[in-house]
Amino acid sequence: MVTLKGLRAWDSGHTVNLEAEYEGEARDIDCTGMTLAPGFQDPHVHWRDPGDPDAETMLTGARAAAAGGYTNTLVMPNTTPAMDGATIMEDGRGAVEYARDWERDHHTSLPVHYQLCAAATIGRAGTRLADILAWKGDRTRHPDHPVTAISDDGATIPGPLLYEAAALAKEAGLVVIDHAEHHEQGVMNEGQTSRSLNLPGIPGDTESRIVERDILAARDTGAHIHLQHVSCATSISLVRQAKRDGIPVTCETAPHYIALTDRDVARYGTRAKMNPPLRAPGDRDAIWEALADGTIDMVATDHAPHTLAAKTQGMLTAPNGVTGLESAYAVCHTTLVDRGIIGERRLIGLMAIAPGILLGRPATDIGALAGTSGTIRARAARGADLVILDTQEAWTIRADRFASKARNTPFDGWKVTGRALATVLAGRLTRIPEMAAR
C-alpha cells in the first residue's frame, strides 16, 4: 500500500492521511501541506478517437486527464465517424461502441472514468435527428461508459430540430449540451484587434443569439440544456436572468476565456484560435464576475488537440481549439485565485463538484471520508476519486512534457501557481510522478 501522509482535506478542516494502491508496490510519499480534493471532472473533451489518432487517442487523452487531476470526462461526439449511434465503421461497430469497448479491446484500463456524449443528429450534419431514445437507460446498461448527453458539438443543434431533440432528451434522461454559437465566416473576435490584424471577425451576437434561443427551448420543453463555452458578456446576462426565472439551464466556460482576450491573438496566433473566439477584455471581466457569483456553473477545458501541421497553417485555415487538460487547474488558479476573484473552494467546486452534478457522477465527499480516524483509505471507500493539490507551487507549463500528443496551447511557458500532483481513481493512484520526484 502507498501511504500519503499529512494531507489537508479541503472541506473537512481535518488533517488526514490517505492510503491508496499503486501498482501493487509499497511506497511512502510525504504530502505534508498538500490539499486533498475530489477528482476534477471535465464535461467537454475531444479525444479524436476514432478518426484522428495523430492528434490524440483514447489512451493519450486519458493520460492527459489523469495528469491534470481529472478522474472523469465527457467525450464529445465529433469523431470520425461521429458518435451518432447509426454510422457504422469498417468493423461493423459504431463510434460509440468503439469508445465504450476500448479498454476491453486493448486489454487495459484507462486512468480516468469517461462517459460519452452522443451526436444529436446523424453525422452531426444537422439535417436529421439521431435515435436519441436509444440511449434511454444507457447508464444502467453500460454503467462504466454510458451515453449521458447529446450534442452536435462543434455545431449548434439547428433550430428546427432543437425542440424535438430537447423533448426526446428529457424523455431519455439525457442532458442537451449545445455548442451555443453559430457563424458562417470569421476567424477571431470582431473588434479592434481583428481590424488591426486584417482578419475577418466574429461578432458576439453569433453566440448570444443561440444562447437566447436555447434558453427559450429549455423554458418551453422543461429539458435541461447546458451551454458550452460561454464567452461573452451578453450571453452571461441572458443566463443570469434565465436562472432567476427558474429555467433549467447551466453553462460552462473554459480556461482560455478566463485567462486570455482577443488581444492575445496578436501574440499567440493560431494557438489562440478557437470557437467561439477569445473575446474583448470586458467580456473576460464579465466571465470573472459570473464565476464568482455562480452564474457560470463550471469550468470545462474543451480539450481540443491538433497536430503541429494542422495548427501551423495560418489563421485563415488552421483548425480551432487548444489543449487544456494538463494546464487547466494552474491557469485558473493563477488567474482567479491568485487575483482574489474566487477562493480555493470555489475553484474546486467549479472543476469537481458542479461537473459531477451535471454528469450524474457525484464528487467524492472528502469530509465524509475523513471521519474521526484521521486516515482516508481510498481503496476501501467504495472507489474514491481524488486529486492531491499543491495550491502554492510555482512552476512553468511545458507543453513538451504533456501526456497529450498535442502541443497546441497558448500557455506554453507560462509561469503559474497551483498544481495537481497526484490523481486517485477508484482508490488507486494513477499518476504520481511529480510527487515521487519530490
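Note that the structure is predicted; figures quoted are calculated from it, not measured. Each chain carries its own residue numbering, running from 1 in the written order of its sequence. Local features in this predicted model are restricted to residues whose pLDDT is 70 or higher, and side-chain atom pairs enter the listing and the counts only when it is 80 or higher, whereas totals over whole chains, interfaces and linings include all residues. Calculation of side-chain values draws on the structure's entire complement of heavy atoms; hydrogens and water are dropped beforehand.

Asks: Explanation requested: the overall build of the protein chain in the structure shown.
Replies: Strands are runs of DSSP state E lasting at least two residues, helices are runs of H or I lasting at least four, and both sets are numbered from the N terminus onward. Along the protein chain, the regular secondary structure elements total 16 helices and 18 strands. C-alpha atoms define the radius of gyration in this analysis, and the globule rule sets the expected value at 2.2 Å times the number of residues to the power 0.38. For 438 residues, the compact-globule formula gives about 22 Å, and the C-alpha radius of gyration of the protein chain, at 21 Å, lands near that figure. Taken along its principal axes, the extent of the C-alpha atoms in the protein chain is 55 × 50 × 45 Å. When accessible area is computed with a 1.4 Å probe and restricted to protein chains, residues below 20% of their type maximum are described as buried, those above 50% as exposed, and intermediate ones as partly exposed. When the 438 residues of the protein chain are sorted by exposure, 60% land in the buried category.

Asks: Help me out: how do you make sense of the environment of Met 89 in this one?
Replies: Locating Met 89 in the fold gives a position in the loop between strand 6 (70-75) and helix 2 (95-100). Considering only alpha carbons, one finds Met 89 and Pro 50, 39 residues apart in sequence, at a separation of 9.5 Å. Those residues in contact with Met 89 that lie beyond four places of it in its chain are Pro 50, Pro 81, Gly 94, Ala 95 and Tyr 98. The contact definition used throughout considers only heavy atoms, calling two residues in contact when any of these lie within 4.5 Å.

Asks: Where do I start with the pairing of strand 16 (residues 386-396) in this structure?
Replies: A regular strand carries its side chains on alternate faces of the sheet. Most of strand 16 is tucked away: eight of the eleven residues are buried. One bridge is not enough; two strands pair if DSSP finds at least two bridges between them. As paired strands, strand 4 (residues 35-38) and strand 16 are joined by four bridges and run antiparallel to one another. Residue pairing across strands places Ala 37 opposite Val 387, the latter belonging to strand 16. Bridge count for strand 16 against strand 17 (residues 415-425) is eight bridges, and the pairing is antiparallel. Across the sheet, residue Leu 389 finds its bridge partner in strand 17, namely Ala 420.

Asks: So what exactly am I meant to see when it comes to the packing of helix 5 (residues 159-172) against helix 7 (residues 205-221) here?
Replies: When two helices pack together, you describe them by how their axes are tilted relative to each other and by the distance separating the axes. Put simply, helix 5 and helix 7 touch, their axes get as near as 10 Å, and they point 40 degrees apart. Relative to helix 7, helix 5 is oriented oblique. Considering how the two elements wind past one another, helix 5 and helix 7 form a crossing that is right-handed. Between helix 5 and helix 7, the contacting residues are Gly 159, Leu 162, Tyr 163, Ala 166 and Lys 170 on the first element and Arg 213, Asp 214, Leu 216, Ala 217, Asp 220 and Thr 221 on the second. Helix axes are fitted only over the stretch in contact, all axes being lines through C-alpha atoms; the angle between N-to-C directions runs from 0 to 180 degrees. By definition in this entry, angles of less than 35 degrees are roughly parallel, angles greater than 145 are roughly antiparallel, angles of 65 to 115 are roughly perpendicular, and the rest are oblique. A crossing counts as left-handed when the near helix is turned anticlockwise from the far one by less than a right angle, and as right-handed when that turn is clockwise.

Asks: Looking at this structure, I do not really get the pattern of salt bridges. What am I missing?
Replies: Should the charged atoms of two oppositely charged side chains come close, the side chains can pair. Salt bridges are defined by distance alone: a side-chain nitrogen of Lys or Arg within 4 Å of a carboxyl oxygen of Asp or Glu. Considering all chains together, one arrives at 15 salt bridges under this definition. When the shortest N-O distance is used, the salt bridge between Asp 138 and Arg 141 registers 3.3 Å. Taken as a pair, Asp 138 and Arg 141 lie in helix 4 (residues 138-141) at a separation of three residues, close to a single helical turn. Assessed through its relative accessible area of 2%, Asp 138 is described here as buried. Looking at Arg 141, the relative accessible area reads 45%, which means it is partly exposed.

Asks: How should I be thinking about the layout of surface pockets in this particular structure?
Replies: Rolled over the atoms, a probe sized like a water molecule indicates the empty space that remains. Space inside and on the surface of the protein is sampled on a 1 Å grid over the protein atoms alone, with a cavity defined as a set of points where a 1.4 Å probe fits but cannot get out and a pocket as an open set with protein on both sides within 12 Å along at least 5 of 7 lines; lining residues have an atom within 4 Å of a point. Grid points are joined across faces, edges and corners, and a volume is the space filled by probe spheres set on the points. Size it by volume and the largest pocket reaches roughly 450 Å³. Forming the boundary of the largest pocket are 18 residues, of which Glu 103, Ser 109, Leu 110, Pro 111 and Leu 425 lie nearest the centre. Top element by residues in the lining of the largest pocket is strand 18 (residues 428-431). It accounts for three residues. Any residue outside Ala, Val, Leu, Ile, Met, Phe, Trp, Tyr, Cys, Pro, Asp, Glu, Lys and Arg is labelled polar, Gly included; the first ten of those are nonpolar and the last four are charged. Along the lines of polarity and charge, the residues of the lining of the largest pocket split into eight nonpolar, four polar and six charged.

Asks: Explanation requested: the packing of helix 8 (residues 233-244) against helix 11 (residues 281-293) in the structure shown.
Replies: The interhelical angle for the contact between helix 8 and helix 11, taken along N-to-C directions, is 25 degrees, at an axis separation of 8 Å. Taken as axis vectors, helix 8 and helix 11 run roughly parallel relative to one another. Judged by residue contacts, Ala 233, Ile 236 and Arg 240 of helix 8 engage Asp 283, Ala 286, Ile 287, Glu 289, Ala 290 and Asp 293 from helix 11. Tallied by class, the residues present in the contact of helix 8 with helix 11 amount to five nonpolar, no polar and four charged.

Asks: Hey, could you run me through the sheet that holds strand 8 (residues 147-151) in this one?
Replies: What holds strands together in a sheet is hydrogen bonding between their backbones, with the strands either parallel or antiparallel. Spatial ordering of the open sheet is given by 5-6-7-8-9-12-13-14, a layout of eight strands whose pairing is parallel. At either end of the open sheet lies a strand with only one pairing partner, and these are strand 5 (40-45) and strand 14 (298-299).

Asks: Which parts of the structure should I look at to understand the packing of aromatic side chains?
Replies: In this description, a pair of aromatic rings is defined by centroid distance and the angle of the planes. Two aromatic rings, drawn from Phe, Tyr or Trp (for Trp, its six-membered ring), form a pair once their centres lie within 6.5 Å of each other, and the interplanar angle then sorts them: stacked below 30 degrees, edge-to-face above 60, tilted otherwise. Applying the stated criterion across every chain yields a total of four aromatic pairs. On the basis of an interplanar angle of 80 degrees and a centroid distance of 4.8 Å, the ring pair of Phe 411 and Trp 414 is categorised as edge-to-face. We classify Phe 411 as buried; its relative accessible area is 1%. Following the ring pairs from residue to residue traces out a cluster consisting of Phe 40, Tyr 70 and Tyr 329. Each ring is checked for a lysine NZ or an arginine CZ that lies within 6 Å of its centre and within 35 degrees of its normal; such an atom marks a charge sitting over the ring. Taking NZ or CZ as reference, Arg 419 lies 4.0 Å from the ring centre of Trp 395, over its face.

Asks: Is there a simple way to explain the environment of Asp 84 in this structure?
Replies: Along the chain, the position of Asp 84 falls in the loop between strand 6 and helix 2. Judged by its relative accessible area of 2%, Asp 84 is buried. As a C-alpha pair, Asp 84 and Ile 132 span 48 residues in sequence and 8.9 Å in three-dimensional space. Those residues in contact with Asp 84 that lie beyond four places of it in its chain are Ala 119, Thr 121, Ile 122, Gly 123, Ala 130 and Trp 135. Think of a polar contact as two N or O atoms within 3.5 Å of one another; within protein, one of them needs to be a possible hydrogen donor and the other a possible acceptor, and neighboring residues in sequence only count if both atoms come from side chains. Polar contacts involving the side chain of Asp 84 include one to the main-chain amide nitrogen of Gly 123, which spans 2.8 Å.

Asks: It is not clear to me how the pairing of strand 17 should be interpreted in this structure. Could you clarify?
Replies: Across the eleven residues that make up strand 17, a large majority, ten, are buried. Here strand 17 folds back onto strand 18, and the loop between the two strands holds two residues, one of which, Ala 426, carries a positive phi near 50 degrees.

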